[in-house]
Structure formats: C-alpha cells, structure tokens
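# An overview of the molecular structure
Take a look at the letters that make up each chain.
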Amino acid sequence: IVIKIIEDSNSFYVNKINIFGNTVTVEEVIRNELIIDEGDPLNKVLFNKSINNIKSMNIFKQVSSEIVDSDKESQKSINISVEEKPTGQISLGAGVGTSGTSTSFGVVENNFLGKAIKLNSNLTVSEESIKGLFSYTKPKYNNSDKDLTLSFQAQETDRMTDFGYKSNDTGFSVGTNFEYLEDLYFAPSFLINHETLSTASTASSLLKKQEGSYFDTEVKYSLFYDQRDQTYQPSDGYSTLFFQTVPVNVDENQTLVNGIEYNSYYEYIDNQVLSFTLFAKAASSVGDKDVRISDRLYLPSSKLRGFEYSKIGPIDGGDFVGGNYLSSFNAQANLPIFQSLETFDFNIFYDAANVWGVDYNSSINDSSALRSATGLGVDWYTPIGPLSFSFSQPLTKKSTDKTETFRFNLGTTF
C-alpha cells in the first residue's frame, strides 16, 4: 500500500492588508468593504470581489491593488491604493414639454465626514406640485454588516383651480439594508405618513368622498438579487428587485403595493454596453374602498422618456388620475461614435410603457394604450460638472398624452 500526501504548493494566507492614499476617507470604511481579512486564506475570487466592493462605493477616482511577497514564505501581503475624488454633487435638471416646464435641484454627499455617510437632498418643482426629500444613510452601522437609512419627505399638490382638490403629504421612514444570503439583499423599513386632502365644489365625487386627514403606518421591504459583474457601471450580468409596501393600520383606507424590476447587461463591443429593463407595479386597496388618489401609480420619468411625468394614463374630467397598474420596457445601448472625444458619451434608447386600471370607474381603464419613444442621450463631462441631454421622439401615444421632447441635467462636484 502506497500512501501519497499531496500538498497544495499554491496555498497562501494573508499576512497584512495595507491601504494607501486615503487622506479624507477613514481607513475603517475601506476595510469594512473587504471580504477577506488578515490571517485568512488568500482566495482570488473573494479578493477580486473585495476590490469591486471598494470601487462600487463611488467615492474614489481610482482603485488599484497588488499582491506582494511577505517575510513568510506561505503568506502574502495585499497593497490597496486609492485616489480620492470630490464626493459632493450639486445638480440642476429641467424638462421642456407641451404643457410647460419642470425643474429640480439637489445636493448629494457620498462621503460625509470621510465615513462614507450618504446625504441626499432634492427639490422638484412643477406647475402643480412641489416635492422635497432628505435622506441619511450610514453604511455598516455600529460596525455591523447592516446599513442604517433615515429619510424625511414632503409634497404638496395644488390642483384646486383646475380640478378642485389640494393635497399635502409628509412622511418619515427608518430602515436598513444587508446581505441576507450570498448576493441576496434584504431591505426592510418602517414608514409613518400624514396626509390631508381638501376639495372644492368642482372636485369629482371620488375626491369629495376621500376628503379628510389620514395617518398611515406602513412596512416596506425589498429583496434584491445581484448577479452583475460590478455595482457601478456594470457591463455583464443581471439583477432582480422585488418590493412590497404593506399597510399596518388596515382599518383606514390603505393600499397594498407590489412591484418587480429586472435588469440585464451585455457588452457587445469593447466598453460598449447594451442594457434591458423590465418594470411592473400594482396597487390595490385593502378592504372595500377604492385606492386613495395619492396612492395611485404614476410611471417614473426614467421609465418613459419623451413624455411628461404623470401626464399619461387614465383621465377623469381632464385630470390624469394615475392607475392601479403600470409596466415598462427599456432598452439602451452605448454608441461607439466619436470615441476620440473622451468628454462625450452617446447612447440610443427605446422605451415602451403603459399606466392603466381605475378601480372606481372601469370606463376610463385605458388598458389598451401603449406609449413608446426612442431617442438619443448625450453625456458631456464639462469643467463645471457632467451635463446630460436627452432628445426623445414619441412613436406611439394617445392624443391626450403630454409629450416632452427635451430634457437636460447639470451637475457639479465639490
């Protein structure tokens, strides 16, 4: 009997992990993104994922790494070098459409106090509404693997002159986000919201019936499965997001919301990426009442370019009342043109979507309509910050839809 002992001569352990270049960012913030630690076996897969985690924080201009020999033959050291960049951004956006303009202003800081704390504040103003949001996110809260998120938002919609109603909505939420299983992330949150709806004699019977003050408590959660090659600017793989909002105080007029989003990415030429997105959402009343006017669904602007936000779908007395259901399909591809112009990126897109379903009046359901548009997007990296343009051409629409052929966003960093 011959017994052979096989030794793996390529097995190494991590001796030290050295981090260089972080003059603002606290070193602990970077180490919290590492999956391997000093004393662990040197696993190339986990090593590469750790570096991608640091890059995906989007607070460094460049991240480089190398594995070097140490004093001990069976151990290696890891050197990680980062180049910091401005992490604050001021943004300005505007859209020009058939019924006027809308503007937005925002301030974002992704590395507050050098601790990777994310602060986000924005304000959106249109002819009928004003909406503000402030949120705070602390990654790896209290040295755990869970993020802490706090947010406050307020919105006022004034359609008293044209449609006889006005609503005010103020809310606060607290939540967390963490990796529940490998590549599967769980994000629960608790929301408290107060809303008032006032009407005039010109309001519809539905609005008059829903007039009053509401105090809502809700539990919201999402499951995110991530199979992308990297979080920031992915070029391969896919991701799936499921989310649900469940009312707690079901004795009032409450709404249950379900949604799903699927994204896939393909690199069809070197550094040129083709992406697809499928998105669907549904809102249903808990109990025998209709979905409240403020809970009805509107399609996000990014899901249907070429049309004004909230200006498609069912109409009641001239007012776009949103729907119980919505869905969209988006395709976008980078264009390999003018590659010598390093400050310009071009892309072409196709969007198709619909908003439908009116629980209180099936005659204005609008389920058979399909809106679609194609267009060209341009990102111009100017000395004062990134400047984005989108030019859209609707392909299919209803005569009542409000289109938007041009939109721009300007951002500057600090």
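Refer to the preceding data block for the structure.
In short, a report on the structure. (Residues numbered from 1 in each chain as written. Predicted model: local features only at pLDDT ≥ 70, side-chain atom pairs only at ≥ 80, totals over all residues. Heavy atoms only, no water.)

## What about the overall build of the chain?
Using the following cut-off: Only runs of H or I of at least four residues qualify as helices and only runs of E of at least two qualify as strands under DSSP, and these elements are numbered from the N terminus. Note on exposure labels: buried denotes an accessible area under 20% of the residue type's maximum, exposed denotes more than 50%, and partly exposed covers the range between, all computed with a 1.4 Å probe on protein chains only. Per-residue and other accessible areas were derived by the Shrake-Rupley procedure at a 1.4 Å probe size, with only the shown protein chains allowed to occlude residues. We score Asp and Glu as negative and Lys and Arg as positive, and we do not count His or the chain ends. Each charge is placed at NZ for Lys, CZ for Arg, CG for Asp and CD for Glu.
A count of helices and strands for the chain gives 4 helices and 21 strands. Dimensions of the chain along its principal axes, counting C-alpha atoms only, are 90 × 55 × 50 Å. The burial tally for the chain puts 38% of its 414 residues in the buried class. Carbon and sulfur atoms make up 55% of the accessible area of the chain, which totals about 22500 Å². Taking the average location of the 34 positive side-chain charges in the chain and that of its 52 negative ones, the two points are 2 Å from each other.

## Topic: a negative patch on the surface
Cut-off, in case you're wondering: Note that patches include only residues with greater than 30% relative accessible area and no salt bridge, and the join distances are 9 Å for like charges and 5 Å for nonpolar side chains (Val, Leu, Ile, Met, Phe, Trp, Tyr). Salt bridge criterion: a side-chain nitrogen from Lys or Arg within 4 Å of a carboxyl oxygen from Asp or Glu.
Negative charge collects at one region of the surface, where Asp229, Asp236, Glu267 and Asp270 lie side by side. Assignment of secondary structure puts Asp236 in the loop between β11 (212–226) and β12 (237–247). For Asp236, a relative accessible area of 44% translates into the label partly exposed.

## A look at the packing of aromatic side chains
Remark: the centre distance and the inter-plane angle together describe each pair of aromatic rings, the angle taken between the planes. Our working rule: For this analysis, a ring pair means two rings from Phe, Tyr or Trp (six-membered ring only for Trp) whose centres lie within 6.5 Å, classed as stacked if their planes differ by under 30 degrees, edge-to-face if by over 60, and tilted for the remaining angles. Ring-over charges, as used throughout, are those where CZ of Arg or NZ of Lys falls within 6 Å of the ring centre and within 35 degrees of the ring normal.
Evaluation of the coordinates by the stated rule reveals 15 aromatic pairs. Here Phe389 and Phe391 contribute two aromatic rings whose centre-to-centre distance is 6.4 Å and whose plane-to-plane angle is 10°, an arrangement assigned as stacked. Taking the ring centre of Phe12 as reference, the NZ or CZ of Lys76 above it sits at 4.9 Å. Geometry around Tyr214 places Arg292 over its ring, the cationic atom sitting 3.9 Å from the centre.

## Structural notes on the environment of Phe320
Basically, it comes down to this: The contact criterion used is simple: two residues touch if any of their non-hydrogen atoms lie within 4.5 Å.
In this fold, Phe320 is placed in strand β16 (residues 319–320). Taking the C-alpha atoms as reference points, Phe320 and Gln244, separated by 76 residues in sequence, lie 24 Å from one another. The residues touching Phe320, leaving out its near neighbours within four places in the chain, are Arg159, Tyr298, Ser310, Lys311, Ile312, Gly313, Pro314, Ile315, Thr400 and Lys402.

## Quick word on unusual backbone geometry
Of note, the phi angle at Ala116 is positive, near 60°, even though the residue is not glycine. Structurally, the position occupied by Ala116 is in the loop between β5 (100–112) and β6 (117–125). Residue Ala116 is classed as buried on the basis of its relative accessible area, which comes to 4%. Phi is positive for Asn142, which is not a glycine, with a value near 55°.

## Regarding the environment of Ser204
Mapped onto the fold, Ser204 is located in the loop between β10 (184–199) and α4 (205–210). On the accessibility criterion, Ser204 (27% relative accessible area) is partly exposed. Expressed as a C-alpha distance, the spacing of Ser204 and Gly317, which sit 113 residues apart in the sequence, is 7.9 Å.

## Some thoughts on the nonpolar core
In plain terms, the rule: For the purposes of this section, nonpolar cores are sets of buried Ala, Val, Leu, Ile, Met, Phe, Trp, Tyr and Cys residues that join through side-chain atoms within 4.5 Å.
The biggest cluster of nonpolar side chains holds 19 residues, and the ones touching the most others in it are Ile54, Phe60, Val63, Ile78 and Ile80. Apart from the residues within four sequence positions on either side, Val63 is in contact with Ile51, Ile54, Lys55, Ile80, Ser81 and Val82. Core analysis: the second largest hydrophobic core is formed by 13 residues, Ala283, Leu299, Leu304 and Ala353 among them.

It is worth stressing that arrangement in space is one thing and function is another; only the former is reported here.
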